[in-house]
Protein chains: 2
Amino acid sequence: MTTVISKATLQRLPVYLNCLKSAADTGEYVSATTLANRLGLGEVQVRKDLASICDAGKPKVGYLKKELIAVLENYLGADMNDAVLVGVGHLGTALLAYKGFEEYGFKIVAGFDVNPALIGTKVAGKQVFSVGEMDHIIRRLGIRIGIITLPKEYAQETADKLIGAGIRAIWNFSPAYITVPENIVVKNENMASSLAVLSKQLKEVTEAEK
Amino acid sequence: MTTVISKATLQRLPVYLNCLKSAADTGEYVSATTLANRLGLGEVQVRKDLASICDAGKPKVGYLKKELIAVLENYLGADMNDAVLVGVGHLGTALLAYKGFEEYGFKIVAGFDVNPALIGTKVAGKQVFSVGEMDHIIRRLGIRIGIITLPKEYAQETADKLIGAGIRAIWNFSPAYITVPENIVVKNENMASSLAVLSKQLKEVTEAEK
DNA sequence: TCGTATTCGATAAAATTTTATCGATAATTT
DNA sequence: AAATTATCGATAAAATTTTATCGAATACGA
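What you see is a predicted model, and the numbers here were worked out from it, not measured in a lab.

Visitor: Is there a simple way to explain the packing of aromatic side chains in this structure?
Guide: The description of two aromatic rings rests on the distance between their centres and on the angle between their planes. Residue and element names in this part refer to chain A. For the coordinates displayed, the defined rule picks out ten aromatic pairs over all chains. A ring pair is formed by Trp 171 and Phe 173, whose centres lie 4.8 Å apart and whose planes are at 55 degrees; its orientation type is tilted. We note that Trp 171, like Phe 173, is buried. Three or more aromatic residues joined by ring pairs form one cluster here, namely Tyr 98, Phe 101, Phe 106, Trp 171 and Phe 173.

Visitor: Explain the protein's contact with DNA strand D here, please?
Guide: In the vicinity of DNA strand D there are 22 residues, among which A:Ser6, A:Lys48, B:Ala32, B:Arg47 and B:Tyr63 approach most closely. Of what DNA strand D places within 4 Å of the protein, 67% of the atoms are sugar or phosphate. Residue B:Arg47 places a side-chain N or O atom 2.6 Å away from a phosphate oxygen belonging to DNA strand D. Take B:Gly57: an N or O atom from its main chain is 3.0 Å from a phosphate oxygen of DNA strand D. Elements supplying a minimum of two residues to the surface near DNA strand D: helix H1 (7–22) and helix H3 (43–51) of chain A together with helix H2 (32–39) of chain B. For the surface near DNA strand D, the element with the most residues is H3(A), which contributes three residues. Residue composition of the surface near DNA strand D, grouped by class: eight nonpolar, six polar and eight charged.

Visitor: I'm lost on the sheet that holds strand S4 (residues 106–113) of chain A in this one. Help?
Guide: Residues and elements named next belong to chain A. The mixed open sheet is built from seven strands, whose spatial order is S5-S6-S4-S3-S7-S8-S9. In this open sheet, the two strands that pair with only one neighbour each are strand S5 (122–123) and strand S9 (185–188). The sheet contact formed by strand S3 (residues 81–86) and strand S7 (residues 145–148) spans four bridges and is parallel. Its bridge partner being in S7, Leu 85 is matched across the sheet by Ile 147.

Visitor: I keep staring at the sheet that holds strand S7 (residues 145–148) of chain B and nothing clicks. Help me out?
Guide: Whenever strands of a sheet pair, they do so through backbone hydrogen bonds, lying parallel or antiparallel. Residue and element names in this part refer to chain B. Strands sit in the order S5-S6-S4-S3-S7-S8-S9 across an open sheet of seven strands; the sheet is mixed. Strand pairing shows two members of the sheet lacking a second neighbour, strand S5 (122–123) and strand S9 (185–188), which therefore form its edges. As defined by bridge partners, strand S8 (residues 169–172) adjoins S9 across four bridges and the pair is classed as parallel. When the sheet's bridge partners are listed, Ala 169 is paired in S9 with Val 185. Against the sheet, helix H5 (residues 90–97) engages strand S3 (81–86), strand S4 (106–113), S5, strand S6 (126–130) and S7, with an angle of about 160 degrees to S3. Strands S3, S4 and S6 of the sheet are contacted by helix H7 (residues 134–141), whose axis makes an angle of about 160 degrees with S4.

Calculation rules
Residues numbered from 1 in each chain as written. Chains lettered and ligands numbered in written order. Predicted model: local features only at pLDDT ≥ 70, side-chain atom pairs only at ≥ 80, totals over all residues. Heavy atoms only, no water. Phe/Tyr/Trp six-rings, centres within 6.5 Å; stacked < 30°, edge-to-face > 60°. Buried < 20%, exposed > 50% of the residue type's maximum accessible area, 1.4 Å probe, protein only. Near = heavy atom within 4 Å. Polar contact = N/O pair within 3.5 Å; in protein donor to acceptor, adjacent residues only side chain to side chain. Helix = DSSP H or I, 4+ residues; strand = E, 2+ residues; numbered from the N terminus. Nonpolar A, V, L, I, M, F, W, Y, C, P; charged D, E, K, R; others polar. Pairing = 2+ DSSP bridges. Contact = heavy atoms within 4.5 Å. Axes fitted to C-alpha atoms, helices over the stretch in contact; angles between N-to-C directions.

This is the structure in structure tokens:
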């Protein structure tokens, strides 16, 4: 089954995979109903999402868990990409150490920083290089994804350097809005947006109780 | 203007605020067109979003920047909330130190950890307490939001403790899916989902070039 | 073996979100 | 002063996403 996969669905696929992998249940099969309950989603939605990447559901029992995991891994891993990270501060270190990525076919291969105390060391098993080496290392390895975990003052200039070195997609954790050429993909990670939603939901729930 | 504000709009409001605050432009007014271009959004969308919380746009020039910022701050800050964070590792530290939150009326007031080396110290100016003190501190301060930045093994038990202490909303950065009573709000922050979207976009752009 | 319960997949309906269009208005230019 | 231009706000259309419904298929228990 190879339908067009919507953005909303795409965001949920890693969630399904994670849920399947981390669930301690022993059954050979797993149903959309089960997944839906576990994740707090609609069962039809789950079924529809899964239908977009596989077609192995069996009535009454659901999906063969092993196969479903394989299909999800294959789909998500198909976009296997290596990335570099700039800014080995706390957030940068947290990301370098984050184990979840590799499960989804994603790997941060190196970090860059200006701090001499960090350069040459390994953080979470990943080598940290000087920012001055960024260009040639990215070129040599053919990396296409760059992660920015720097204070916002440095975000734009770093983005420019990354793009100059051949980076095609930037995952920006700084609150700066960076300007890039048309053909470069940027995803801004805005903590405050997430929080606004949480806060709003809390308010709604609280008010509903009155 | 007090329309119903959609979830999608709500997520963009902090983005507008951030953009307004960080932009180095000097003008007294700012137009939806300008914001849209800067953020890569549709101008009608921006206008519609803004219309849901204010009604001060002037033709030809746009919105009074100062007023727009005030309105946004007021709206977002209206849900002012204090939070505690459990798990003062790298990610936890990064969040404790993140300055962006306070701009949106949000404040992490304390951290909790089990590491004796951390307990009693301050991280980014925030006191770190023992997890054993969690219950009474949360109760005493009447905190309603808890942030979990722990390995997934501890996520569920921590969530239970937080809820027991009176927490009503949980922002979960661990990849575990936690089960909570109906009236508790949970927001799972899934890095892999963000990444999947970025990766997919990159793929699309790359393919479009062929 | 047969009936029942559960789940799937597909289709259709509803809801939400984004995008387009257009008249009105205020600043700017001629 | 009049024409032009940029922008707003509102309404309507289009697109997307979610939710509901229903027949078909399969396992399980009587």
